[in-house]
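Chain by chain, the residues:
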Amino acid sequence: MKVLVLNGPNLGRLDLRDSSLYGDLDFAGLKKFIEDQGSSLDLEADVRQSDSEVEIITWLHEAAEGKIPVIINPAAFTHYSYAIRDAAEMLTVPLIEVHISNPLRREEFRHTSVISGIASGTIAGFGPDSYRLALIALKGMLK
Ligand code: DQA
């Protein structure tokens, strides 16, 4: 079973971001970690990253049309992109929101997620393990 794992802006430059929040993996390392965790659960993780809202919306349309479940870290778009929320709302299969850091422990503007309300669930604050936990949750939902 295929799963789209979508990542929003600046996650492609994890190596340049605050390692106390985002850990030591660069994006290539994170991608490999997610793919390996997916394989161990018999899930084919198609891991993508974009800084473009348009591209992420296009990928969500693809998921809605193909009925492909989604794990998404919308990054900063989490906090204000109604367009990504509307695209995600079209899915008839599970969508899990993940964050590497715990936005609720950070600045107040990060305390709002416009995505959580249409997600099956949200996993935040466990570093790369947030994705692993999301894959496990998804596997359970797809049974
Ligand atoms: C993030 C948290 C967001 O607030 C932030 O804008 C990001 C990454 C996370 O994974 O912890 O870019 O989504």
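This text goes with the structure placed above it.
What you are looking at is a predicted structure, and each value in this text was computed from that prediction instead of being measured.

Quick notes on the site of the ligand
Around the ligand sit Arg17, Tyr22, Asn73, Ala75, Ala76, His79, His99, Ile100, Ser101, Arg106 and Arg110, and those are all the residues in its vicinity. A distance of 3.0 Å separates an oxygen atom of the ligand from a polar atom in the side chain of Arg17. Contact between the ligand and Arg110: an oxygen atom at 2.9 Å from a side-chain N or O atom of the residue. In isolation the ligand has 320 Å² of accessible area, and contact with the protein removes 99% of it. Taken together, the residues of the shell around the ligand break down into four nonpolar, four polar and three charged.

Quick notes on the pairing of strand S1 (residues 2–7)
With five of six residues buried, S1 lies mostly within the body of the structure. Pairing of S1 with strand S2 (residues 44–49), which is carried by six bridges, proceeds in the parallel orientation. Note that in S2 the partner of Val3 across the bridge is Ala45. Looking at chain direction, S1 and strand S3 (residues 70–73) are connected through four bridges and run parallel. Across the sheet, residue Leu4 finds its bridge partner in S3, namely Val70.

With respect to unusual backbone geometry
Unlike most non-glycine residues, Lys67 shows phi in positive territory, near 50 degrees. Position of Lys67 relative to the elements: it lies in the loop between helix H3 (53–66) and S3. Backbone geometry at Ala75 places phi at a positive 55 degrees, although glycine is not the residue there. Residue placement: Ala75 occurs in the loop between S3 and helix H4 (82–89). Since its relative accessible area comes to 11%, Ala75 is described here as buried.

Some remarks on the packing of helix H2 (residues 27–40) against helix H5 (residues 129–142)
Between H2 and H5, the least distance of the axes is 10 Å, while the angle of their chain directions is 25 degrees. In terms of axis orientation, H2 runs roughly parallel to H5. As H2 packs across H5, the resulting crossing turns out to be right-handed. Contacts between H2 and H5 involve Leu30, Phe33, Ile34, Gln37 and Gly38 from the first element and Asp129, Tyr131, Arg132 and Leu135 from the second.

Here is what the cut-offs are and how they apply
- Residues numbered from 1 in each chain as written.
- Predicted model: local features only at pLDDT ≥ 70, side-chain atom pairs only at ≥ 80, totals over all residues.
- Heavy atoms only, no water.
- Near = heavy atom within 4 Å.
- Polar contact = N/O pair within 3.5 Å; in protein donor to acceptor, adjacent residues only side chain to side chain.
- Areas by Shrake-Rupley, 256 points an atom, 1.4 Å probe, with all protein chains shown as cover.
- Nonpolar A, V, L, I, M, F, W, Y, C, P; charged D, E, K, R; others polar.
- Buried < 20%, exposed > 50% of the residue type's maximum accessible area, 1.4 Å probe, protein only.
- Helix = DSSP H or I, 4+ residues; strand = E, 2+ residues; numbered from the N terminus.
- Pairing = 2+ DSSP bridges.
- Axes fitted to C-alpha atoms, helices over the stretch in contact; angles between N-to-C directions.
- Parallel < 35°, antiparallel > 145°, perpendicular 65-115°, else oblique.
- Left-handed = near helix turned anticlockwise from the far one by under 90°.
- Contact = heavy atoms within 4.5 Å.

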